[in-house]
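Each chain is listed here by its residues.
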Amino acid sequence: MIGRYPDYDVMDNAGNWDDATRRVVQARLEPLEPLRFFSADEEPSLRALCDVTTAQDVEPRVPVAEMVDDKLASGRLDGYRYANMPRDPDTWRLVLRGLDETASERHQAGSFAACDTQAREAIVSAFSKGELSGGAWDELDVSRAWSVCMRAVLAAFYSHPWAFNEIGYGGPAYPQGYMRLGPLSTLEPHERRGATAEDPVRVEQEGQS
Amino acid sequence: MIRGLLKGAIGPADNDSRFLLDVHRRDLPGQDTMARYRDSDEVDLCIVGAGAGGSVLAQRLARWGWRIVIIEAGPFWHPDEDWVSDEAGSHQLYWTQERVIGGEDPIEMGKNNSGRGVGGSMVHYAGYCPRFHPSDFETQTRDGVGVDWPISYRDLKSHYELVERELPVAGQDWPWGDPHSYPFSPHPISGPAQTLWKGAIELGIEMRVGPVGIVNGTFGNRPHCIYRGFCLQGCKVNAKASPYVTHLPDAIAHGVEVRADSMAVRVEIDQSSGRASGVTYVRESDGVPRQQRARMVALAGYSIETPRLLLNSTSPRFPAGLGNGEDQVGRYVMVQGAAQTAGRYPDELRMYKGPPPEVSSEQFYETDESRGFARGFSIQTVSPQPIGWAEHVLADGHWGRALREYMRDYNHWATIGVLNELLPRAENRVTLADDTDPYGMPVARFDYTHGANDKANMEYSTKVITDILKASGAQDILTIHRYAHLVGGARMGASPENSVVDADHRVWEVPNLYISDGSVCPTQGSANPALTIMALASRLAQRLAAAGSNTPK
């Protein structure tokens with residue numbers, strides 16, 4: 001599934017960005033710091049959850065786990081908490097505990113991280129539909145917990161330049177701006193046309209990859 | 001006719017903001033030299049909140065010689081450094097302090113609808129600037145729903161025109177509501193908006209370019225929009241209107257102090273006279289409570305923070321908080337339904353280019369009994385950046401491999417949204433939660449539940465935009481249900497039994513306390529609220545300045 005924009009690197013245009021933006025985006029490519037919020041016990045299941053939800057199974061990975069950890073450790077929360085839910089940092093800990101409990105109960109695994117891909121995906125599928133209960137899950141509204149976790153995971157993954165490259169996103173454009181707005185398929189000098197134009201809905205429905 | 005010929009050439013009198021800005025820097029000019037008042041100085045007016053309502057009020061009255069301090073919880077921005085062309089990097093623009101959301105249909109806050117810092121939420125609004133329709137001010141009389149305002153469209157019309165010149169608003173001649181034209185010409189539109197518009201034309205749905213508060217041409221020292229697409233992340237160009245560029249430069253030049261990083265925690269009341277005597281606030285740097293004395297106080301903290309501050313300002317004379325003797329504070333908070341539907345097309349459209357707001361329609365704004373519900377909705381093109389787009393894909397039920405597959409197809413999608421007029425309900429309310437913030441002030445809790453009319457409206461409108469996508473040739477469609485904007489919570493009315501402020505924004509129970517933000521709106525129409533909040537503040541300023549007994553000194 002990689003390779004739709006094979007020659008495209010959004011960072012090739014970074015010389016045309018303003019300094020403040022370049023610093024913020026470039027920092028996402030810097031070497032990683034150890035986790036600060038999640039404990040060593042929680043780390044494997046955190047990484048497994050981030051991997052499964054973003055379909056990452058080989059290095060190099062977009063460091064979603066580190067980015068989520070940094071958000072929680074520095075208290076950059078989203079500005080609201082559901083009345084029937086704990087605060088987001090506590091929600092994350094409960095979710096990781098719940099994933100481990102479900103892994104042991106349904107798949108006789110030592111932890112969520114110890115499950116094979118198929119079992120992990122089955123558990124996450126149930127999580128996404130709010131169909132988990134017992135133990136830690138009973139302290140959460142499971143559907144809302146899914147949205148709390150995925151909000152953070154998606155904000156991390158799709159802020160990374162590698163993700164920008166994968167989707168052919170033109171990226172920051174100040175002070176340069178975008179001059180070629182349409183009508184159709186009009187490219188800026190730094191943008192690249194997709195090598196294919198497969199419809200993902202068809203791909204998903206027909207089980208191709 | 002003459003106005004048409006002179007489009008873009010006539011600026012507003014009595015507001016020099018556009019000339020005070022620097023062509024080469026984005027800072028708000030005058031921060032270093034602005035007036036500084038002591039806490040013990042009794043200023044003429046202390047305003048809480050440097051957003052749309054507070055900034056316009058300050059700018060107007062400063063020109064009448066009033067000595068004014070604005071207390072603002074968030075930072076004094078330096079956009080060249082603080083704002084970035086990046087979604088995740090813009091987190092600090094939003095009000096992300098804790099709030100509790102409840103009810104059957106809890107409303108997500110934060111980046112969705114809440115700003116923090118000098119300039120307020122308009123720093124990160126998309127830029128749509130429609131007026132309310134005349135019908136919005138009398139929905140009870142016309143449609144038997146909502147409530148009539150104590151003022152009419154006619155009371156606001158001249159202020160709409162004035163604020164449209166100050167922002168300035170660009171768009172095609174507007175056929176809906178009270179038909180009017182705009183001071184600046186419509187912007188060119190991008191491929192996705194053209195594609196969506198074609199679908200609307202197929203169905204006989206009228207759309208128009210704009211109205212957006214984005215410079216088309218140049219406006220004083222504010223440059224032309226560069227179509228970089230990051231309106232929701234703060235405009236680094238100074239092309240998009242927000243009080244930061246439209247009113248605060250002139251306000252500061254006329255002696256207003258904007259006291260940033262200062263969280264207002266109470267409005268103080270002189271217990272013998274029952275009048276407001278000032279505002280207690282806490283500076284983020286030292287956490288020490290201070291009290292700014294003032295002859296008059298105006299709250300402009302928006303629909304969550306204004307009710308929170310009123311409710312927290314208890315005293316022996318007002319044990320239930322200010323303006324709350326009839327249990328009205330915090331009630332009738334409204335949001336707009338803001339479902340968005342996206343279509344997939346064979347060609348690359350690249351919706352990240354160009355401002356997210358481009359083309360809109362108010363054809364469905366008023367009641368049409370054949371639709372089976374009261375009031376209506378508007379239709380507006382939008383264009384999410386990647387993280388926003390990922391939330392659309394997730395809402396359609398995709399994660400993992402399927403999510404990545406949909407996401408890498410980003411460039412083939414175009415998005416259109418609605419704004420539904422959801423009706424005011426007394427139980428949709430801001431109250432104080434048990435949790436407290438770092439200053440010990442209880443955080444706000446916002447409960448929200450739809451009514452049957454709301455559900456029928458949202459269902460119908462989602463079908464209309466889905467039909468537009470189909471007619472435009474979309475191969476596949478996905479929909480996200482969401483909400484946008486806030487108004488109400490301290491509404492204006494004709495009597496204290498069912499409102500918090502009178503037609504002049506004065507809190508019924510406290511003669512020198514005013515509210516100058518969206519919380520005074522009794523209904524919301526299906527228009528984005530920014531322009532109306534500014535127009536209301538402009539009218540309030542005119543009333544205060546004209547009231548002889550209130551003339552300072």
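As a further point, take the overall build of chain A. Counting secondary structure elements, chain A contains eight helices and one strand. By principal-axis analysis of the C-alpha atoms, chain A measures approximately 55 × 40 × 30 Å. Contacts spanning at least 24 positions in sequence make up 67% of the contacts within chain A whose residues lie at least 6 apart.

Bringing the overall build of chain B into the picture now. Check the secondary structure of chain B and you find 14 helices and 19 strands. On C-alpha atoms alone, chain B measures out to a radius of gyration of 22 Å, which is about the 24 Å that the 2.2 N^0.38 rule sets for 553 residues. Taking the principal axes of its C-alpha atoms as reference, chain B extends roughly 70 × 50 × 50 Å. Counting the 553 residues in chain B, one finds 62% classified as buried. Long-range pairs, those at least 24 residues apart, make up 76% of the contacts in chain B with a sequence separation of at least 6.

The next thing to look at is the sheet that holds strand β1 (residues 81–82) of chain A. Hydrogen bonding along the main chain pairs the strands of a sheet, whether they run parallel or antiparallel. In spatial order, the strands read β1(A)-β3(B)-β16(B)-β15(B); together these four strands make up an open sheet with mixed pairing. Across the chains shown, the open sheet's two edge strands, defined by having one partner strand only, are β1 of chain A together with β15 (429–436) of chain B. As defined by bridge partners, β15(B) adjoins strand β16 (residues 442–447) of chain B across five bridges and the pair is classed as antiparallel. By the bridge assignment for β16(B), Thr436(B) is matched with Pro442(B).

This paragraph deals with the sheet that holds strand β7 (residues 276–283) of chain B. Residue and element names in this part refer to chain B. Ordered by their spatial adjacency, three strands build an open sheet running β6-β7-β8, and the pairing between neighbours is antiparallel. At either end of the open sheet lies a strand with only one pairing partner, and these are β6 (262–269) and β8 (289–293). Here the average twist between neighbouring strands, direction ignored, is 30 degrees. Taken together, the seven bridges between β6 and β7 define a ladder with antiparallel strand orientation. Across the sheet, residue Ile269 finds its bridge partner in β7, namely Ala276.

Glancing now at unusual backbone geometry. Residue and element names in this part refer to chain B. The omega torsion of the bond from Leu167 to Pro168 falls at -20 degrees, within 30 degrees of zero and hence cis. Residue placement: Pro168 occurs in the loop between α6 (153–166) and α7 (191–202). Each neighbour pair has its own omega, and for Gly210 with Pro211 the value is -5 degrees, a cis peptide bond. Following the sequence through the fold, Pro211 ends up in the loop between β4 (208–209) and α8 (243–246). The phi dihedral of Asp261 falls on the positive side, at around 55 degrees, and the residue is not glycine. Inspection of the secondary structure assignment puts Asp261 in the loop between β5 (257–259) and β6. The exposure class of Asp261 is partly exposed, given the 17 C-beta atoms found within 10 Å. The backbone of Tyr332 shows a phi angle near 60 degrees, a positive value even though the residue is not glycine.

Glancing now at the interface of chain A and chain B. One frequently used descriptor of interface size is the decrease in accessible area upon assembly of the parts. At the interface, 52 residues of chain A touch 62 residues of chain B. Among the elements of the structure, α1 (19–26), α2 (43–53), β1, α5 (117–128), α6 (142–157), α7 (161–167) and α8 (200–205) of chain A are those that each provide at least two residues to the side of chain A that touches chain B. The class makeup of the residues in the side of chain A that touches chain B is 31 nonpolar, eleven polar and ten charged. Bridge count between β1(A) and strand β3 (residues 100–102) of chain B: two bridges; the pairing is parallel. By the bridge assignment for β3(B), Tyr82(A) is matched with Ile101(B).

Before going further, it helps to spend a moment on the packing of α6(A) against helix α11 (residues 386–395) of chain B. At a closest axis distance of 9 Å, the pairing of α6(A) and α11(B) adopts a crossing angle of 135 degrees. Viewed along their axes, α6(A) and α11(B) adopt a mutual orientation that is oblique. Handedness of the crossing formed by α6(A) with α11(B): right-handed. Contacts from Met150(A), Leu154(A) and Ala155(A) in α6(A) reach Ile387(B), Ala390(B), Glu391(B) and Leu394(B) in α11(B). Looking at the contact of α6(A) with α11(B) residue by residue, the class counts come to six nonpolar, no polar and one charged.

Once that is clear, we can look at the nonpolar core. With 221 residues, the main nonpolar core has Val153(A), Leu45(B), Ile47(B), Leu57(B), Ile68(B), Val297(B) and Ala298(B) as its most contacted residues. The element best represented in this core is α6(A), accounting for eleven residues. Not counting the four nearest positions on each side in its chain, Val153(A) is found in contact with Cys50(A), Thr53(A), Thr54(A), Val64(A) and Val68(A).

On to the confidence of the model for chain B. All names here are of chain B. Taken as a whole, chain B shows an average pLDDT of 95; of its residues, 98% reach a score of 70 or greater. When the criterion is pLDDT under 50, residues 549–553 qualifies, and its contacts beyond four places in sequence or with other chains add up to four contacts. Model confidence for the complex is summarised by a pTM of 0.96, with the ipTM given as 0.96.

What follows covers helix α4 (residues 88–107) of chain A. All names here are of chain A. Over its 20 residues, α4 runs 27 Å from end to end, which matches the ideal 28 Å to within 8%, given 1.5 Å per residue. Within the sequence span of α4, burial applies to Asp88, Thr91, Trp92, Val95, Leu96, Gly98, Leu99, Asp100, Thr102 and Ala103. In this structure, the buried side of α4 is in contact with α2, α3 (64–73), β1, α5 and α6. Of the residues flanking the end of α4, it is Gln108, one or two places downstream, whose phi is positive at about 50 degrees.

Residue and element names in this part refer to chain B. Assignment of secondary structure puts His124 in the loop between β3 and α5 (139–143). For the pair His124 and Cys231, spaced 107 residues apart in sequence, the C-alpha to C-alpha distance is 6.4 Å. What His124 contacts, discounting residues up to four positions off in sequence, is Leu93, Gly115, Leu232, Gln233 and Gly234.

Residue and element names in this part refer to chain B. Looking at chain direction, β7 and β8 are connected through five bridges and run antiparallel. Across the sheet, residue Thr280 finds its bridge partner in β8, namely Gln291. Taken together, β7 and the strand that follows it, β8, pair antiparallel across an intervening segment of five residues, in which Gly287 is found at a positive phi of about 70 degrees.

What counts and what doesn't
- Residues numbered from 1 in each chain as written.
- Chains lettered and ligands numbered in written order.
- Predicted model: local features only at pLDDT ≥ 70, side-chain atom pairs only at ≥ 80, totals over all residues.
- Helix = DSSP H or I, 4+ residues; strand = E, 2+ residues; numbered from the N terminus.
- Contact = placed C-beta atoms within 7 Å.
- Rg over C-alpha atoms; globule rule 2.2 N^0.38 Å.
- Buried ≥ 20, exposed ≤ 12 C-beta atoms within 10 Å, placed from the backbone.
- Pairing = 2+ DSSP bridges.
- Axes fitted to C-alpha atoms, helices over the stretch in contact; angles between N-to-C directions.
- Nonpolar A, V, L, I, M, F, W, Y, C, P; charged D, E, K, R; others polar.
- Parallel < 35°, antiparallel > 145°, perpendicular 65-115°, else oblique.
- Left-handed = near helix turned anticlockwise from the far one by under 90°.
- Core = buried A, V, L, I, M, F, W, Y, C linked by C-beta atoms within 7 Å.
- pLDDT = per-residue confidence, 0-100.
- Expected span 1.5 Å × (residues − 1).

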